[in-house]
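Letter by letter, the chains look like this.
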Amino acid sequence: MDYRDTPEEAAFRQSLRGWLANNTIEGWKDIPEDDIPRYKAMRKQWQRMLYDAGYLALTWPVEYGGRGQSPTYEAILNEEVGRASAPPLPGMINYLGRAIFTYGTHEQKLRFLPTLLNGDVQWCQGFSEPSAGSDLASLRTRAVLDGDHYVVNGQKMWTSGAIYADWCLLLVRTNTEVPKHKGISCLLMPMDSPGVTARPIYLHSGSPETAEVFLDDVRVPAENRIGAEGDGWRLAMTTVSFERGAADVGFIANLGHQLEALKREINERGLADDVAIRRRLAQAYVDTRVLTANVARQLSMRVSGRDPGPEGSVGKLLWSRAAQGMAQLGLDVAGADALTGRESEWLSDYFTTRPTSVYGGSSQIQKNILARMLDMPRE
Ligand SMILES: Cc1cc2nc3c(=O)[nH]c(=O)nc-3n(C[C@H](O)[C@H](O)[C@H](O)COP(=O)(O)OP(=O)(O)OC[C@H]3O[C@@H](n4cnc5c(N)ncnc54)[C@H](O)[C@@H]3O)c2cc1C
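All residue numbers refer to positions counted from 1 along the written sequence of the respective chain. Note on the predicted model: pLDDT of at least 70 is required for a residue's local features to be given, and 80 or more for side-chain atom pairs to be given and counted; whole-chain, interface and lining totals, by contrast, use all residues. Water and hydrogen atoms play no part in the side-chain values, which are based on all heavy atoms of the structure.

- Under an unreviewed UniProt entry, the chain has the name Acyl-CoA dehydrogenase family protein and belongs to Paradevosia shaoguanensis.
- Quoted straight from UniProt, the Cofactor (unreviewed entry) entry for the chain says "FAD".
- The record in UniProt for the chain states the following under Sequence similarities (unreviewed entry): "Belongs to the acyl-CoA dehydrogenase family." UniProt positions are given in the numbering used here, feature names are shortened, and annotations may be inferred rather than shown by experiment.

1. Looking at the domain arrangement of the chain
Piece 1. Residue ranges labeled as domains rest on an automatic or database domain assignment. According to the domain assignment, the chain consists of domain 1 (7-90), domain 2 (123-228) and domain 3 (244-373).
Piece 2. Here the C-alpha centre of domain 2 lies 29 Å away from the C-alpha centre of domain 1.
Piece 3. Contacts are assigned to residue pairs with any non-hydrogen atoms lying within 4.5 Å of each other. Listed by partner, the interface residues are 6 residues for domain 1 and 8 residues for domain 2.
Piece 4. Reported buried area values correspond to the accessible surface (1.4 Å probe) lost by two parts on association, with both partners' losses combined. For the domain 1 and domain 2 pair, buried surface summed over both sides reaches about 610 Å², with 56% attributable to carbon and sulfur atoms.
Piece 5. If you sort the residues of domain 1 by the area they bury against domain 2, Glu33, Ile36 and Lys40 come out on top, with a joint share of 64%.

2. Considerations on the pattern of salt bridges
A side chain of one charge can pair with a side chain of the opposite charge if their charged atoms are brought near each other.
Piece 1. When a carboxyl oxygen of Asp or Glu lies within 4 Å of a side-chain nitrogen of Lys or Arg, that pair is called a salt bridge. By the definition in use, this model includes 20 salt bridges.
Piece 2. With a shortest N-O distance of 3.5 Å, arginine 48 and aspartate 52 are connected by a salt bridge. In this pair, arginine 48 and aspartate 52 both sit in helix α2 (residues 36-52), 4 residues apart, roughly one turn of the helix.
Piece 3. Only protein chains enter the calculation, and the probe is 1.4 Å; a residue is then buried if its accessible area is under 20% of its type maximum, exposed if over 50%, and partly exposed in between. A residue is classified by how much of its surface remains accessible, and arginine 48, at 33% relative accessible area, is partly exposed.
Piece 4. On the accessibility criterion, aspartate 52 (55% relative accessible area) is exposed.
Piece 5. When the shortest N-O distance is used, the salt bridge between arginine 83 and glutamate 79 registers 3.4 Å. Of the two residues, arginine 83 and glutamate 79 are both situated in helix α3 (residues 71-83); the distance of 4 residues between them amounts to about one turn of the helix.
Piece 6. What makes arginine 83 partly exposed here is its relative accessible area of 40%.
Piece 7. Residues participating in the shared-partner salt-bridge network are Asp5, Arg13, Arg17, Glu79, Glu80 and Arg83. Counting from the N terminus, the helices are DSSP H or I runs at least four residues long and the strands are E runs at least two residues long.

3. Here's the deal with the site of the ligand
Piece 1. Around the ligand, 17 residues are found, and the nearest of them are Ser128, Ser134, Trp158, Ser362 and Gln364.
Piece 2. In protein, a polar contact means a hydrogen-donor-capable atom and an acceptor-capable atom, both N or O and within 3.5 Å, with residues adjacent in sequence counting only if both atoms are side-chain atoms; elsewhere, any N or O pair within 3.5 Å suffices. In this structure, serine 128 approaches the ligand through a side-chain N or O atom, which is 2.7 Å from a nitrogen atom.
Piece 3. One nitrogen or oxygen atom from the side chain of glutamine 364 is found 2.7 Å from an oxygen atom belonging to the ligand.
Piece 4. Surface exposure here means Shrake-Rupley accessible area, sampled with a 1.4 Å probe, where a residue is shielded only by the protein chains that are shown. Taking 970 Å² as the accessible area of the ligand by itself, protein coverage stands at 67%.
Piece 5. Broken down by element, the residue count for the shell around the ligand peaks at 3 residues, all from helix α12 (residues 363-373).
Piece 6. Each residue is assigned to one class: nonpolar for Ala, Val, Leu, Ile, Met, Phe, Trp, Tyr, Cys and Pro, charged for Asp, Glu, Lys and Arg, and polar for all the others, Gly among them. Looking at the shell around the ligand residue by residue, the class counts come to 5 nonpolar, 11 polar and 1 charged.
Piece 7. Counting the residues that make up the shell around the ligand, at least three belong to each of domain 2 (123-228) and domain 3 (244-373). Residues are classed as near a molecule or strand on a simple rule: at least one heavy atom within 4 Å of it.

4. Re unusual backbone geometry
Piece 1. A positive phi angle, close to 55°, is found at alanine 57, a residue other than glycine.
Piece 2. Relative to the elements of secondary structure, alanine 57 occurs in the loop between α2 and α3.
Piece 3. Judged by its relative accessible area of 3%, alanine 57 falls in the buried class.
Piece 4. At aspartate 217, a position not held by glycine, the phi torsion is positive, near 50°.
Piece 5. On the secondary structure map, aspartate 217 appears in strand β7 (residues 210-221).

5. Points about the nonpolar core
Piece 1. For the purposes of this section, nonpolar cores are sets of buried Ala, Val, Leu, Ile, Met, Phe, Trp, Tyr and Cys residues that join through side-chain atoms within 4.5 Å. Grouped together as the largest cluster of nonpolar side chains are 50 residues, with contacts concentrated most on Trp46, Trp123, Leu169, Leu171 and Ile226.
Piece 2. Of all elements in the fold, only α1 (7-22), α2, α3, α4 (92-103), α5 (106-118), β4 (167-173), β5 (184-190) and α6 (232-241) reach the threshold of two or more residues within this core.
Piece 3. Ranked by residue count, the leading element in this core is α4, at 7 residues.
Piece 4. There are two domains that each give this core at least three residues, and those are domain 1 (7-90) and domain 2 (123-228).
Piece 5. For tryptophan 123, the contacting residues outside a window of four places in its chain are Met92, Leu96, Ile100, Phe112, Leu116, Ala165, Trp167, Cys168, Leu169 and Leu188.
Piece 6. Counting residues in hydrophobic clusters, the runner-up holds 22 residues, among them Ile252, Leu331, Ala334 and Ala338.

Okay, here's the thing in structure tokens:
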């Protein structure tokens, strides 16, 4: 593994750094996430800026509006944006776009990809249901063909961004007579369709980041089905396998910021000789380094042409462990100051990192996947 940039990558990094130094959204961190119009406008504006500057869809094929570059460029983008403390990258477009350009018809690609990229249309991913999270294949939201429309009834759960989204990539059951994985299809559904109700789930921060989505006799044109009937499971698996990867590099940049902040904090509070704290700081450092090495390994697999596979589960486990460990240590070091507001970022980080071991597939499920890969006995 060679961690150094090639001359072309170094030039890309340099010009991106210059761009980021002059382009951000001032005060974006102060926009309350429950101020939906302002928050949505900020996200769209940031996406538009990145798009106009040519920094989105770096790895997509050129014919779909991408740049056809290697995954290393995507990693550099994530790293530099994380370092610059700029607003987060619009993460969903990469894997939703991949689903559309891999499974969509020519018309669907022309219709959906340009506005997905430039941010004019915001999307959410309606996969999980109240009784179908880890066991996604048992989802029950039903879609029945009625003429040239599907009539959809059911409920989705934890749909991130549903409150801001214009469209949803929706998994539905179109056939109950076949084994559960084979009866699933995927629809592209406008969120303003009659019968769609998104009820926010407020996170600790007050953010309505996720939502329950109720679907009552929603009519979705059959032409909005993506992929063949029954192909939804394959599509979903392609989508989730691209959920991670280069994004981890941005998380590492953020963990690096946090490590530095923690070291300062520990010194200022006279805790540098506390053996337990020193040990935990060392663990946080090791966790970050292990994550970095794993990301580099995954990246070199992608660069050599391999699509992401089940080994992404290792990355998910390492990342959630590193993020949660760091935030917990920050909270413990800040102590009561985290509650009084002086060091409230640590409290916020603590709560933000709690669900990392649940969303995108829980830690237990990642371990099950790895156990299967290693031919270990079933649980
Ligand atoms: C903040 C947040 C954002 C999310 N965003 C989205 C989104 O945008 N779109 C979307 O579709 N979904 C989203 N999700 C849903 C997420 O994918 C599910 O929460 C996750 O897959 C777990 O499913 P569940 O919540 O139904 O828990 P369950 O599947 O009910 O699991 C409960 C517990 O049992 C354990 N468990 C379950 N089965 C097994 C097993 N076989 N072996 C061992 N342990 C097991 C789990 O690890 C977990 O600890 C989000 C979730 C959160 C918390």
